[in-house]
Amino acid sequence: MITALIILALLALGFGLLLGYAALRFKVEGDPLVEQIDALLPQTQCGQCGYPGCRPYAEAIANGDEINKCPPGGEATIKNLADLMGVEAKPLHGGSTEPEVKKVAFIREDECIGCTKCIQACPVDAIVGATRQMHTVITSECTGCDLCVEPCPVDCIDMVPIKTGITNWRWDLNPIAIKQVD
Amino acid sequence: MSMESLFNRLKAGRLFSFPGGVKPPERKALSNQTAIAALPLPDKLFVSLKQHIGVEGKVQVKEGDKVLKGQVLTASPNPFAVPVHAPTSGTVTRIGLHAAAHPSGLPEQTIEITPDGLGQWTTLSPIPNYAQLPKMKIIEAICNAGISGMGGAGFPTHLKISSKKDVEFLIINGVECEPYITADDRLMREHAWQIRQGIDILVHLLNPGAVLIAIEENKPEAIDAMRVACKDQSRYLVCPIPTRYPAGGEKQLIQNLLDREVPRKGLPIDVGVIMQNVGTCYAIADAIFSGKPLIERVVTLTGESLQAPGNYWVPLGTPVYHLLNQAKYVSSLQQKKRIIMGGPMMGFTLHTDLAPVVKTSNCVLVPSDQAMPLPPDEQSCIRCAACADACPASLLPQQLYWHAKANELERAQDFNLFDCIECGACAYVCPSDIPLVHYYRRAKADIRIQEQEKQKSDKARQRFEARNARLEREAEERKAKHAEAAERRRQAMQQPADNPQDKIAAALARVQAKKQAAQPDAVPEANEDKVAAAIARAKAKREAQQAQTGEPAKASALADDPKKAQVASAIARAKAKREAQQAQTTETVESASPAASDDAEAAKKARVAAAVARAKAKRDAEKADDAPESDAQPAENAQIDDADAAKKARVAAAVAKAKAKRDAEKADDAPESDAQPAENAQIDDVDAAKKARVAAALAKAKAKRDAEKAASTTETNHQPDDITQVDDAEAAKRARVKAAVARAKAKKAQQQDDPS
Amino acid sequence: MTFKVASSPHQHAMRNTAGLMRLVIYCAVPGIVVQGYFFGWGILVQLILAVLTALVSEGVFLALRKRNFERALGDYSAVLTAILLAISIPPLAPWWIVVLGTFFAIVIVKQLYGGLGNNLFNPAMAAYVMLLISFPVQMTAWAPVQALTQFSVNLADAASVVFTGFTTDGYSLGQLQTNIDGVTLATPLDQVRTDLTLGLTYHESLQNEIFNHGMGIGWAWVNLAYLLGGLVLIKTRAINWHIPGAMLGTLAAIAAVMYATDASIYASPAFHLFSGAAMLGAFFIATDPVSAATSNKGRLVYGAGIGLWVYLIRTFGGYPDAVAFAVLIMNMAVPLIDYYLKPRVYGHWSKRR
Ligand code: SF4
Ligand code: SF4
Ligand code: SF4
Ligand code: SF4
Ligand code: SF4
């Protein structure tokens, strides 16, 4: 009886050591958590999460905030975050889970008065222009965050949906219905 | 295995093999019984700008232009661009979006030509003596003839054949393993000699160890014809290939003939092979010996719903409805119109019969519902692995399907999704009727889009961080400046100086001090140097363009864009004014008249300023050399009129010096600059023109503001001057501003009215 | 006018899951007929019971899972499972054995794992093992070959035994298992196993009346019939040769080696190949696509593994026949096999050249 107990204890100890060693030996050197989270966020920098940009939100998540506050990322981002953080994915904070259509800002250039307000609002410097000159959006840099629309005093900024072209077509042949039967 | 032993082995008729594959019913007899026939011209031709892998060229014609048969319609210096040509003579009736020959059915830029029925050729320049010409000339001729791969994906031929590596085998692909298609079969039967001539040209260019002409065994006539055409060449070998789909796939054919595998993400040349389609060889011979560009191709019109199936010479751009009419389409055999462009295994269905024939369209297939029933709904995968047994790439299609369907894109990539050649063999055999390839395509598209988004979000992050850093720095600098200013004010208070002369001197000293303070600050900021450089480059580029059209033309060039002219003249005036002020404040005596307000003076000033900018651009370009992301092109542009610039630079030497000094400061002060102008410069021609204009406007506006600032530092209030100098042009702009402000006010009022 | 838009390939091989399953069922018919000839009408009763249970339980469960059950029922996979189970259990086993087994196979092993294509285990064999462990008495009560028994059993008798335990004449199943002399007869594999434990040699055991020419009477013919059906399956490319080939090859090879070392206690390869469910297992059960390995190399390993386990369990284990256990054990190994024996993808050469 005693020997059995001793053997068990020794075994337990042995495996414990082995596991401990393995944990040290095969430790995965990863990015700091904040970096990893930040890499998953869409970087729209829109502030809809309640933080001034994606990185602050990443820091907040690392400190225990909810993972479901980023509307631009939608469900895909929540799922990725859930995987990373080892928690359950939950629906988007505050409703709609429909991934919105991607948009970019567009300035109606002949109406722009060159007040530079939009430049100050744009988190990624995607607008160029100067005082009292026509402004324009660099479409390839615009994240579609919407932040420039509100400040414009003459309402000349539109958010236009990005068109599906041959390069970003997702092979959805709408007419073919792939129905699942089993 | 060495080249020689491989060749001997093949000569003895011994091949290797490739895994998997299927043997669908061939149904080639439907279309290969008659000779290739010509078709009457359609009433409209739709020439897509992009008919190959790569980029489209720039349109060289306008709506309403008369074009001749074979006239080039697009051109581009980009090596990935291949021009397209007018398939016949006629009028360009429209340039715009038109349904493309693409599975998405989305429209693409297309030139619509209404034929005049004359078929008048443009001047052709054949080079039958090609062997005497440098190879680059031949490759250029092939590129200019618009030839891209005519078998599969449409890779630009001139890129393939300008390989620098040693070519052991040139493989001519006449396998045509897809059911129904017989275009290459008929072409080889009827035009074996011209194909042989095309091969000769390729051999001259590539100097391969041997030429293998691979033809599937089910085309005995084509094999005989090619054998006859090549019988005097001991290094040309016609290799009959056992009939099995997809034996004609590039990778499978190489494996089948040579037992070599193209490394993943590699090209055939990595295993010493270059492959060309027989149709491409034919087109090359056409281009070299008769100078004809690629404006028509053989298309197999086939399928049980056509009463006159066969092969036809079809001008590129011919809409499919015309082909169906010519081949007597019987609509009653299809419940819903189903037109397949390409073969039954890899072709795609068209969304509309307006889609035109392009360089890669080898077949238009219109099956009857009976001959090619629509697949029933998919059922569960029973893991029978029939798909894995059929896969020529030795993938595990059922696993790919599993992960693709579950949207586990990473796992799908682990199972080598991107090695799938989309041959369709797996979906062909799947007993559960799962559209496997469709799942793969979707997964691939999603992965590609995700990658693009990832790149974009990385860029957004960088920009966001750069902006934050900049804002922080600016805030600090402002703080420092304020502190300094306060300090100086205190000192000034201590020694009361009511002499205005002294006041000016003090102000000057402050300016000087500020300049000096700013300068050492700016030098370590390589980033901002780059920005300044980019701005200057953009400006210089524009001015160089203007300069090229001749100095006096500046005004006239601007004149055709009234708005631009207004802005420019306002800017020029502002500049002139600023320089005048500069002259005053720095007490540098210049020939410039003090109050430069008339336009003639302004124009002159603007010219001087342009020269300054050019000189600056040159210097900046040198500086920017070590800037990794700088694009050399604008800098080159700036150097075009160096000679001119140098002279003018001398004239404006003093101004330049002062300006250069302030420049660093300017960059510091520009709140809306940072990285984007530098990136602007990188954007390709089309965009660049517009953005450069914007950037130039920005730079000038900044200059103007600087002038104002300078004025205010001398405590001389020039602000009213500014307004008095406004002339009609300016007034117009003001009016616009006023209107805008009114609108804004209206908006605000509206918002206030709003109960919330 | 709208156009029909679809993704390539547009052409399809005219073979579907239902057809495949039907083909397998047809190929099993000769074996079933021969089995019926030797062991009586009981098998027919069991088949009917099993197929009915399978269809009902599958249909109900698909309806519960809100799937389109008409199409799914039409794929014959449930029918095939039921048939395989029905021919594996003793022909005169009580009705609830087969009903319970089929229900277990369809509902627990298949549907609860996610339906066709998602089950880890072969449903028929998992059910068989469940029954064997839970009801060893009923599951080993194989009536001997009809020619040897005391009583002849007609269809009515068989049905009666299955449902009530007694023939229409009132004989019990136990009585049916005895020979003319009233000695209970076992299956050949059972007989050899029992005799060996009693200290008899293999050859002495073969003297038993259930053997003829060293083969179990009837059993050899049944196995031959399944072999025939299996060869047809391979010929029609419904299955690949890899799994049955590897399984039978391994079984025969090991048996040959052992037989050569000590013929007195180890059975001959031929005995192994033509006893019990060897052929049925090799061609019809191990080849069940859902639970088998998928690459050709993997199939070889999988088949060989089954062969090995069949031999080991038959020779050293506690149960007379071993195909069901062997298949289940290798089912568990399938993910591992599939993972390690992925075919080398085109262009991914590292060692070659
Ligand atoms: S809500 Fe906007 S700012 Fe917040 S993480 Fe998402 S994209 Fe970034
Ligand atoms: S341009 Fe507007 S929408 Fe686009 S990133 Fe800037 S602020 Fe956001
Ligand atoms: S906020 Fe509106 S008016 Fe002001 S610069 Fe931007 S686009 Fe022009
Ligand atoms: S062929 Fe179809 S059913 Fe069979 S394993 Fe492949 S995907 Fe599954
Ligand atoms: S389509 Fe892809 S997965 Fe399917 S057989 Fe062809 S290469 Fe293999």
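Definitions and cut-offs
Residues numbered from 1 in each chain as written. Chains lettered and ligands numbered in written order. Predicted model: local features only at pLDDT ≥ 70, side-chain atom pairs only at ≥ 80, totals over all residues. Heavy atoms only, no water. Domains from an automatic or database assignment. Contact = heavy atoms within 4.5 Å. Buried area = accessible area lost by both parts, 1.4 Å probe. Salt bridge = Lys/Arg side-chain N within 4 Å of Asp/Glu carboxyl O. Polar contact = N/O pair within 3.5 Å; in protein donor to acceptor, adjacent residues only side chain to side chain. Nonpolar A, V, L, I, M, F, W, Y, C, P; charged D, E, K, R; others polar. Pairing = 2+ DSSP bridges. Helix = DSSP H or I, 4+ residues; strand = E, 2+ residues; numbered from the N terminus. Axes fitted to C-alpha atoms, helices over the stretch in contact; angles between N-to-C directions. Buried < 20%, exposed > 50% of the residue type's maximum accessible area, 1.4 Å probe, protein only. Near = heavy atom within 4 Å. Phe/Tyr/Trp six-rings, centres within 6.5 Å; stacked < 30°, edge-to-face > 60°.

Section: the domain arrangement of chain C
Residue and element names in this part refer to chain C.
Thinking step 1. Here the domain parsing of chain C yields domain 1 (41-142 + 150-184) and domain 2 (186-344).
Thinking step 2. The C-alpha centroid of domain 2 is placed 22 Å from the C-alpha centroid of domain 1.
Thinking step 3. Between domain 1 and domain 2, the contact holds 20 residues from the first and 19 residues from the second.
Thinking step 4. Roughly 1700 Å² is buried in total at the junction of domain 1 and domain 2, and carbon and sulfur atoms are behind 74% of that figure.
Thinking step 5. Sorting the residues of domain 1 by area buried against domain 2 places F121, N122 and M125 first, and these three jointly supply 27% of that buried surface.
Thinking step 6. Put simply, domain 1 and domain 2 have 0 salt bridges between them.
Thinking step 7. The interface formed by domain 1 and domain 2 holds 2 residue pairs in polar contact (both at pLDDT 80 or more) in total.
Thinking step 8. Partitioned by chemical class, the residues of the side of domain 1 that touches domain 2 number 13 nonpolar, 7 polar and no charged.

Points about the sheet that holds strand β13 (residues 310-315) of chain B
Residues and elements named next belong to chain B.
Thinking step 1. Sheet architecture is open: 6 strands sit in the order β1-β13-β12-β16-β14-β15, paired in mixed fashion. Each having just a single partner strand, β1 (37-38) and β15 (348-349) make up the two edges of the open sheet.
Thinking step 2. The pairing of β1 with β13 spans 2 bridges and is parallel. By the bridge assignment for β13, A38 is matched with W313.
Thinking step 3. Set on the sheet, helix α4 (residues 183-206) makes contact with β12 (296-302) and β13; between it and β13 the angle comes to about 85°.

A closer look at the interface of chain C and chain B
Thinking step 1. On the chain B side, the residues contacting the 43 residues of chain C number 64 residues.
Thinking step 2. In total, about 4600 Å² of surface goes out of reach between chain C and chain B, with carbon and sulfur atoms giving 53% of it.
Thinking step 3. Together, F3(C), Q11(C) and Y346(C) form the three largest contributors to the area buried by chain C at its contact with chain B, with a combined 20%.
Thinking step 4. Taken together, chain C and chain B are joined by 3 salt bridges.
Thinking step 5. As a salt-bridge pair, D389(B) and R299(C) come within 3.3 Å of each other at their nearest N and O atoms.

Examining unusual backbone geometry
Thinking step 1. Following Y245(B), the chain continues into P246(B) via a peptide bond in cis, with omega recorded as -5°.
Thinking step 2. Structurally, P246(B) is set in the loop between β10 (236-241) and α6 (250-258).
Thinking step 3. Omega for the peptide link from S8(C) to P9(C) comes to -5°, which places this bond in the cis form.
Thinking step 4. Here P9(C) is to be found in the segment before α1 (17-39).
Thinking step 5. Even without being glycine, T116(A) reaches a positive phi, approximately 65°.

So, the pattern of salt bridges
Thinking step 1. Per the counting criterion, the structure on display carries 41 salt bridges over all chains.
Thinking step 2. We note a salt bridge from E221(B) to R189(B), for which the minimum N-O separation is 3.6 Å. Of this pair, E221(B) sits in helix α5 (residues 220-229) while R189(B) sits in helix α4, and the two are 32 residues apart along the sequence.
Thinking step 3. Taking relative accessible area as the criterion, E221(B) reaches 38% and is therefore assigned partly exposed.
Thinking step 4. Among the residues examined, R189(B) registers a relative accessible area of 24% and is labelled partly exposed.
Thinking step 5. Measuring nitrogen to oxygen at the nearest pair gives 3.8 Å for the salt bridge that ties E216(B) to K219(B).
Thinking step 6. Through salt bridges with shared partners, a single network forms among E35(A), D38(A), R55(A), E59(A), K454(B), D458(B) and R461(B).

Structural notes on the site of ligand 2
Thinking step 1. Around ligand 2 sit A105(A), C122(A), P123(A), V124(A), I127(A), C142(A), T143(A), G144(A), C145(A), D146(A), C148(A) and M159(A), and that is every residue in its neighbourhood.
Thinking step 2. Its residues assigned to classes, the shell around ligand 2 shows 9 nonpolar, 2 polar and 1 charged.

Observations regarding the packing of aromatic side chains
Residues and elements named next belong to chain C.
Thinking step 1. Taken as a whole, this structure holds 10 aromatic pairs over all chains when the rule is applied.
Thinking step 2. Considering the side-chain rings of Y37 and F38, the 5.0 Å spacing of their centres and the 80° angle between planes classify their relative orientation as edge-to-face.
Thinking step 3. According to the relative accessible area criterion, F38 is buried, its value standing at 13%.
Thinking step 4. For the pair Y226 and F284, a centre-to-centre distance of 5.7 Å together with 65° between the ring planes defines the contact as edge-to-face.

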